[in-house]
Amino acid sequence: MYWRAWRVCCLLETALLFRELFVKRRVVITGLGIVSPVGNDIDTAWDNIINGRSGITQVTRFDASILNCHIAGEVKGFDVTEHMSSKEARQMDTFIHYGVVAGLQAWRDSGLDIEREDADRVGTIIGSGIGGLSRIEETQTEFLARGARRISPFFVPASLINLISGQLSIMLGLKGPSYAVVSACTTGLHSIGDAARLIEYGDADVMVAGGAESSVSPLGMGGFAAMRALSMRNDDPATASRPWDRDRDGFVLGEGAGVVVLEEYEHARRRGARIYGEFAGFGMSSDAYHITSPNQDGPRRGIIHALRNGHINPDEVDYINAHGTSTLLGDKNETEALKLAFGDHARKLVVNSTKSMTGHLLGAAGGIEAVFTALAVYRQISPPTINLFNQDPECDLDYCANQAREMKIDVALSNSFGFGGTNGSMIVRRM
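Here's what I pulled together on the structure shown here. Everything numeric in this text was worked out from a predicted model, so none of it was measured. (Residues numbered from 1 in each chain as written. Predicted model: local features only at pLDDT ≥ 70, side-chain atom pairs only at ≥ 80, totals over all residues. Heavy atoms only, no water.)

A few words now on the sheet that holds strand β13 (residues 411-418). In space, the 10 strands of this open sheet follow the order β5-β4-β6-β7-β1-β8-β14-β13-β9-β10, with mixed pairing throughout. At either end of the open sheet lies a strand with only one pairing partner, and these are β5 (178-179) and β10 (350-352). Looking at chain direction, strand β8 (residues 277-286) and strand β14 (residues 422-429) are connected through 8 bridges and run antiparallel. Counted as the bridge partner of Ser285 is Asn423 from β14. Across the face of the sheet, helix α8 (residues 187-200) comes into contact with β1 (27-35), β4 (122-127), β5, β6 (206-213), β7 (256-264), β8, β13 and β14 while running at roughly 170 degrees to β6. Lying on the sheet, helix α11 (residues 297-309) is in contact with β8, β13 and β14; it crosses β8 at an angle near 145 degrees. (Pairing = 2+ DSSP bridges. Helix = DSSP H or I, 4+ residues; strand = E, 2+ residues; numbered from the N terminus. Contact = heavy atoms within 4.5 Å. Axes fitted to C-alpha atoms, helices over the stretch in contact; angles between N-to-C directions.)

Right under this line is the structure:
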């Protein structure tokens with residue numbers, strides 16, 4: 001009898017141990033921050049997105065007349081010295097400014113106080129696709145003109161991609177995991193997905209995660225222009241980004257940062273946090289096909305992995321914030337991938353591309369689109385896809401053309417795809 005009781009106790013202890021080790025903890029979104037072409041705070045950016053106001057204009061950062069593309073989604077009205085001293089700001093490239101400020105916004109929005117937290121359990125992953133390109137260009141020019149003595153001792157740390165996370169962790173006192181993900185235009189989404197998994201499996205309780213980019217520069221724009229990837233609708237910037245439109249002619253380069261605070265559900269519940277939604281699923285895949293030309297199977301598998309990870313049936317998804325870059329091949333490819341992943345339910349989905357208003361923020365895209373996806377779920381409204389004047393017959397889903405739509409959104413999915421054939425999909429569920 002005693003032997004049997006002891007054995008039962010051992011089995012129960014083993015079961016509890018396995019549950020602790022292998023059952024994922026729930027992750028929720030409790031803070032949002034943004035620096036973008038449509039606004040440098042959540043309220044402004046969301047108001048512009050919902051009302052279909054484009055942030056794409058003529059380039060002001062440099063003389064773009066030497067290129068075949070003169071337009072971009074620049075960040076406007078941004079003053080980093082509102083958040084740090086000018087001395088500190090000079091030690092960082094602009095992409096770090098954007099990422100740090102969006103991170104500070106998200107932290108404040110979450111209501112967290114590091115003095116009340118175990119700092120070892122709070123970390124940050126904010127990545128960038130390219131990093132300090134502007135600082136590298138400027139330093140090279142100065143070096144060629146005036147010699148090596150003109151290279152700043154801050155040149156290297158000002159340009160390194162992991163220094164967004166590094167600088168933010170120093171400013172906020174975050175002593176948990178701190179690193180960067182770099183996966184081209186999937187960077188922001190992959191960063192958030194990695195951060196969520198650190199929480200799910202017990203490595204952290206809170207993570208600040210997202211992406212930042214500042215590549216509206218001669219080399220940044222020149223490189224994409226050389227690939228003939230950019231729209232050349234220079235005479236009408238506001239309508240240049242046209243996802244799924246028959247007359248789309250390329251993407252518009254954007255810049256900025258989008259950051260979310262992810263938190264273990266019970267931790268958030270105990271402190272009475274506002275919850276925008278649950279981070280309910282994350283999936284990744286590789287096309288294994290071509291460095292720039294996509295195929296349909298890679299994105300399809302990434303979406304399927306996210307649904308499987310979240311134990312969500314395809315017909316439970318209501319809304320998709322698509323990658324939707326406004327390129328001829330990419331938009332058609334994503335449409336076909338959605339049909340393959342969702343089957344007949346694809347026709348019932350509401351799909352939109354906020355890139356129609358922000359342009360393509362490269363490594364920051366997945367970050368700001370995670371912000372917009374969380375807000376869509378929280379506020380029960382799909383942003384529009386603007387500039388959809390003549391829908392491409394080969395892109396035949398419901399893209400929420402030109403007007404925002406109030407609707408029931410219990411489950412939303414966001415896609416990001418990047419050079420090298422890397423894909424990411426994340427799911428936000430209403431709480």
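Further notes follow.
This part covers the nonpolar core. Ranked by size, the top nonpolar core spans 48 residues in total, and within it Leu32 and Leu262 carry the most contacts. The set of elements that each furnish at least two residues to this core consists of β1, α2 (42-50), α8, β6, β7, β8, α14 (365-379) and β14. Broken down by element, this core gets its largest block of residues, 9 residues, from α14. For Leu262, the residues in contact, after removing those within four places along its chain, are Val27, Val28, Ile29, Ile192, Ala195, Ala196, Ile199, Asp205, Val206, Met207 and Phe279. Among the nonpolar cores identified, the runner-up in size contains 31 residues, and Val35, Val100, Trp107 and Leu172 belong to it. (Core = buried A, V, L, I, M, F, W, Y, C linked by side-chain atoms within 4.5 Å. Buried < 20%, exposed > 50% of the residue type's maximum accessible area, 1.4 Å probe, protein only.)

We now examine the pairing of β1. Within β1, 9 of the 9 residues are buried, which leaves the element mostly enclosed by the surrounding structure. In terms of strand pairing, β1 meets β8 through 3 bridges, oriented antiparallel. Pairing of Val27 across the sheet is with Phe279, part of β8. For β1 and β7, the ladder comprises 8 bridges, and the chain directions are antiparallel. Bridged to Ile34 within β7 is Gly258.

In this section: the side chain of Asn387. Counting through the fold element by element, Asn387 comes out in the loop between β11 (381-382) and β12 (405-406). By relative accessible area, which is 5% here, Asn387 ends up buried. One polar contact links the side chain of Asn387 to the main-chain carbonyl oxygen of Ser241, over a distance of 2.9 Å. Filtering out sequence-adjacent residues up to four positions away, Asn387 remains in contact with Ala238, Thr239, Ala240, Ser241, Arg242, Asp245, Ser356 and Asn402. (Polar contact = N/O pair within 3.5 Å; in protein donor to acceptor, adjacent residues only side chain to side chain.)

Turning our attention to unusual backbone geometry. Here Arg228, not a glycine, exhibits a phi torsion of approximately 60 degrees, which is positive. Topologically, Arg228 is positioned in the loop between α9 (218-226) and β7. We note that Ser326 has phi near 85 degrees; this positive angle belongs to a residue other than glycine. Within the fold, Ser326 resides in the loop between β9 (319-321) and α12 (328-342).

Moving on: the state of the cysteines. By definition, a disulfide links the sulfur atoms of two cysteine residues through a covalent bond. All told, the structure shown has 0 disulfides when counted by the stated rule. Counting only cysteine sulfurs, Cys69 is the nearest neighbor of Cys185, a cysteine outside any disulfide, at a range of 15 Å. For Cys185, a relative accessible area of 9% gives the class buried. (Disulfide = S-S within 2.5 Å.)

Right, let's talk about the pattern of salt bridges for a bit. Counting across every chain of the model gives 27 salt bridges. A salt bridge links Arg347 to Asp396; the shortest N-O distance between them is 3.2 Å. Of the two residues, Arg347 is situated in the loop between α12 and β10 and Asp396 in the loop between β11 and β12; the sequence distance between them amounts to 49 residues. Judged by relative accessible area, Asp396 falls into the partly exposed class, the value being 30%. Bridged by salt links that share partners, the residues Asp318, Lys408, Asp410 and Arg430 form one connected network. (Salt bridge = Lys/Arg side-chain N within 4 Å of Asp/Glu carboxyl O.)

What the rule picks out here adds up to 7 aromatic pairs. The interplanar angle of 75 degrees and the centroid separation of 5.4 Å between the aromatic rings of Phe224 and Phe251 together place this pair among those described as edge-to-face. With Phe224 in helix α9 and Phe251 in the loop between α9 and β7, this residue pair connects regions lying 27 residues apart in the sequence. Summarising the aromatic geometry, the rings of Tyr276 and Tyr378 are spaced 4.9 Å apart at their centres and angled 70 degrees between planes, so their arrangement reads as edge-to-face. Taken as a pair, Tyr276 in the loop between α10 (265-270) and β8 and Tyr378 in helix α14 lie far apart in primary sequence, 102 residues in all. Through a chain of ring-to-ring contacts, the aromatic side chains of Phe224, Phe251 and Phe419 assemble into a single cluster. Across the ring face of Tyr265, the terminal group of Arg26 is positioned such that the distance to the ring centre comes to 4.5 Å. (Phe/Tyr/Trp six-rings, centres within 6.5 Å; stacked < 30°, edge-to-face > 60°. Lys NZ or Arg CZ within 6 Å of the ring centre and 35° of its normal.)

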